[in-house]
Amino acid sequence: MNKAVPKLLKLLFLIILIKGIAWSLFIPLWHFPDEQAHFGHVAYLAEGGQLPMGRTNDLTQEIAISEQRLGTYRNKYGNNDFTYRPEHRLEYTGNYLGKYELEIKNLPLSTRKEFKDPESAYYPHFFYRVSGLIYKLFYFSDLFVRVFTVRLFWLLAHVLLVYLAYKIGRLVFPKSNLSALSVAVLTGFQPMLTFVSSGITGDNLHNLLFTAVIYFCLKLRLQLNRRNLLGLAVVLILGFMNKQQFLIALAVVLPTLLWLFIKQRQFKLMGWFGLAFLILALIFGREYFSDLWSSIKIGQIPYFEQRTNLVRPDYTLWQHLVYTANHTFREVLPWYWGVFRWLSLVLPRWVNQVMMRILLVAGIGLIVKLFRRRFEPGLGIIVWSAVVYFLALFAWDFQQVRNAGFPFGIQGRYYFPVIVPHMVLLVIGIKTLWSKLLLPLNFWFIALNWIAFYTVVSSYYDTSSFKTFIIQASQYKPFFAKSWWLVVALGLYFIFSLIFSFKLFKIFRHEK
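Just so it is clear, the model here is predicted, and its values are computed rather than measured.

### Considerations on the overall build of the chain
- A count of helices and strands for the chain gives 21 helices and four strands.
- On C-alpha atoms alone, the chain measures out to a radius of gyration of 23 Å, which is about the 24 Å that the 2.2 N^0.38 rule sets for 512 residues.
- In terms of overall dimensions, the chain has C-alpha extents of about 65 × 60 × 45 Å along its principal axes.
- Residue pairs at least 24 apart in sequence account for 80% of intrachain contacts in the chain once pairs closer than 6 positions are excluded.
- Accessible surface, the chain as shown: approximately 23000 Å² in total, 64% of it carbon and sulfur.
- Charge-centre separation for the chain: the mean point of 53 positive side chains lies 17 Å from the mean point of 25 negative side chains.

Written as structure tokens, this is what we have:
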């Protein structure tokens, strides 16, 4: 291994954290995907909401009032002042305090105990209970402090995901540490993943745990032992406790384990894994598995429930395949790289054109790889996990149309649980044609993150004057996201981007 790579890795993890802090501090309150619903779930539990949750009034008056003042309160159609309106901005003042900032900060504690509207995210409670610890730690601070500290806390999940991206890259590219590094860089600087990871959503933990499943499957391919099996079992239990759709992971895990157990004739380990999983499930996941068993007894599987009276029973798989192909090309692919401001803002058209051309080149490389029949270790698991997740969303959306009469509206970020396999395939495709292209690809993703950051913040704030920009970006924020704190975060992000790019260039230049 190149001795400079470990140092560069540490620098990468540091800049990923700094980058996340910059995004978290500059994006306004309630502007990450469904952030008000996810934080509402946190607040509901922390304020004594009863379990299990249903379609009941669970949004605190404190959150509701802040949304009404800041234009993100949704009407009966699910839209607000920002939805599909990229030109809309708040009314800013000429100082660091927003027009309604003091009112929101000084809302009485009683508004946290009063609930209105069914708004919270209706998922298992693991993510929200953990987030609730941060909420309670800063309980007597204002709303802005509580929201932004929870944002910053979960940046750790993004750093860990990038770490797993590198570890997966090492397993797939055992002879090319720079290829593994490229997987981590592409994952870490993917703009939409950065955006999602900088806000409050259970998706961040889901993405991390699903990536960990893929990592342990690849590890077990090399070392089928109790340690790796126990790691896989723990990740599965945590995943099931976090989101219903983690059931999709079983479609990756079960075929992989069955193949490994039969190939290596380790049937005792099969029994040991089953016992370890059962014990962990009984200790930590009784609530989830009790609900799962109740659903199975009535013939339903969570996430794939079917209504008794279908709205469109005549809707065929072929119709859905045609719709999915069209929707994926026209909307999912552009949104995969970035869609912001309550679905009203996407990356510049030329950026998406560049990305489509990169995907085309990588696709050609993968076809060449297929004809050469010289595949990287574990590539089957990488491809299978990506295919499984696509098919699961396809089947879920198909059932959604039959149940409700309209598609759910799959977004690119829904595929982030398998973003690392996507980036592995991108690296393989580019590397197959010419390995020297990996360096400009890395640089492009670093620049792409900056392009996305500027695109988003310039849609909220006036960037014609740096002073005005910082003043507007400071409004409706906690004390650690105002004035010079923002300047420091932005400056560190910029400086470390340059340092990392320079060191990356030096390492790639000396690659044999």
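What follows continues from the structure just given.
### Details of unusual backbone geometry
- For Asp117, which is not a glycine, the phi torsion comes out positive at approximately 65°.
- Mapped onto the fold, Asp117 is located in the loop between strand E2 (115-116) and helix H5 (126-137).
- At Leu343, a position not held by glycine, the phi torsion is positive, near 65°.

### Describing a positive patch on the surface
- On the surface, Lys7, Lys10, Lys503, Lys506 and Arg509 cluster together into a positively charged patch.
- Of all elements in the fold, only helix H1 (4-26) and helix H21 (484-509) reach the threshold of two or more residues within the positive patch.
- Among the elements that line the positive patch, the one with the most residues is H21, at three residues.
- As for its position among the elements, Arg509 is in helix H21.

### Considerations on the nonpolar core
- With 167 residues, the main nonpolar core has Leu12, Leu236, Phe445 and Phe500 as its most contacted residues.
- Every residue in contact with Phe500, bar those within four places of it in the chain, is listed here: Leu8, Leu11, Leu12, Ile15, Val185, Phe189 and Ile446.

### A few points about the packing of aromatic side chains
- With the rule as written, the count across this model stands at 42 aromatic pairs.
- Here the aromatic rings of Phe408 and Tyr414 are separated by 6.1 Å at their centres, their planes lie at 45°, and the arrangement is tilted.
- If you follow Arg112 out to its NZ or CZ, it ends over the ring of Tyr139, 4.8 Å from the centre.
- The side chain of Arg151 reaches across the aromatic face of Phe148, ending 4.3 Å from its centre.

### Regarding the packing of helix H10 (residues 203-222) against helix H12 (residues 250-264)
- The geometry of H10 relative to H12 is characterised by a closest axis approach of 10 Å and an angle of 10° between their N-to-C directions. Between H10 and H12, the angle falls in the class roughly parallel. Taken together, the residues of H12 that come into contact with H10 (itself represented by Phe210, Val213, Cys217, Leu220 and Arg221) are Val252, Val253, Thr256, Leu257, Leu260 and Gln264.
- Of the residues assigned to the contact of H10 with H12, the class counts are eight nonpolar, two polar and one charged.

The rules behind the values
Residues numbered from 1 in each chain as written. Predicted model: local features only at pLDDT ≥ 70, side-chain atom pairs only at ≥ 80, totals over all residues. Heavy atoms only, no water. Helix = DSSP H or I, 4+ residues; strand = E, 2+ residues; numbered from the N terminus. Rg over C-alpha atoms; globule rule 2.2 N^0.38 Å. Contact = heavy atoms within 4.5 Å. Areas by Shrake-Rupley, 256 points an atom, 1.4 Å probe, with all protein chains shown as cover. Lys, Arg positive; Asp, Glu negative; His and termini not counted. Charge placed at Lys NZ, Arg CZ, Asp CG, Glu CD. Patch = residues over 30% accessible without salt bridge, like charges linked within 9 Å, V, L, I, M, F, W, Y side chains within 5 Å. Salt bridge = Lys/Arg side-chain N within 4 Å of Asp/Glu carboxyl O. Core = buried A, V, L, I, M, F, W, Y, C linked by side-chain atoms within 4.5 Å. Buried < 20%, exposed > 50% of the residue type's maximum accessible area, 1.4 Å probe, protein only. Phe/Tyr/Trp six-rings, centres within 6.5 Å; stacked < 30°, edge-to-face > 60°. Lys NZ or Arg CZ within 6 Å of the ring centre and 35° of its normal. Axes fitted to C-alpha atoms, helices over the stretch in contact; angles between N-to-C directions. Parallel < 35°, antiparallel > 145°, perpendicular 65-115°, else oblique. Nonpolar A, V, L, I, M, F, W, Y, C, P; charged D, E, K, R; others polar.

Treat this as a map of the structure, not an account of what it does.
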